[in-house]
Amino acid sequence: MKSFIRHLCFCLAFLLPLATYAKFTGEVIFIYPDREKRDNELWITHIENTKNTRLLYEHEWTIY
């Protein structure tokens, strides 16, 4: 149990601060809601202007 707590403290002390440096860009990457037709595409849009949605990536097979 002491080993687990030591590893947990290590992760929280050194790895968690790395995630705090992430910057919010306002862009969202998503799979199009109509899964029957476009289940192999990733789309990108900006939160403030959703009319600017564009295709980011297309794959041969279904993306999960």
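Residues numbered from 1 in each chain as written. Predicted model: local features only at pLDDT ≥ 70, side-chain atom pairs only at ≥ 80, totals over all residues. Heavy atoms only, no water.

1. Comments concerning the sheet that holds strand β3 (residues 54–58)
Pairing in this open sheet of three strands is antiparallel, and the strands run β1-β2-β3 from one edge to the other. Bordering the open sheet on either side are β1 (27–31) and β3, each of which pairs with just one other strand. Pairs of neighbouring strands in the sheet enclose a mean axial angle of 30°, with direction left out of account. As defined by bridge partners, β1 adjoins strand β2 (residues 41–46) across five bridges and the pair is classed as antiparallel. Along β2, the bridge assignment pairs I29 with I44. (Pairing = 2+ DSSP bridges. Helix = DSSP H or I, 4+ residues; strand = E, 2+ residues; numbered from the N terminus. Axes fitted to C-alpha atoms, helices over the stretch in contact; angles between N-to-C directions.)

2. As for a nonpolar patch on the surface
Among the surface-exposed residues, M1, F4, I5, L8 and L12 lie close enough to one another that they form a single nonpolar patch of about 550 Å² accessible area. Relative to the helices and strands, F4 resides in helix α1 (residues 2–19). (Patch = residues over 30% accessible without salt bridge, like charges linked within 9 Å, V, L, I, M, F, W, Y side chains within 5 Å. Areas by Shrake-Rupley, 256 points an atom, 1.4 Å probe, with all protein chains shown as cover. Salt bridge = Lys/Arg side-chain N within 4 Å of Asp/Glu carboxyl O.)

3. Section: the pairing of β2
Sheet topology places β2 next to β3; four bridges connect them, and they run antiparallel. Note on β3: the bridge partner recorded for I44 is R54.

4. Overview of the confidence of the model for the protein
Overall, the prediction assigns the protein a mean pLDDT of 76, with 75% of residues at 70 or greater. Looking across the protein, the model is least confident in α1, with a mean pLDDT of 73, and most confident in β2, with 87. (pLDDT = per-residue confidence, 0-100.)

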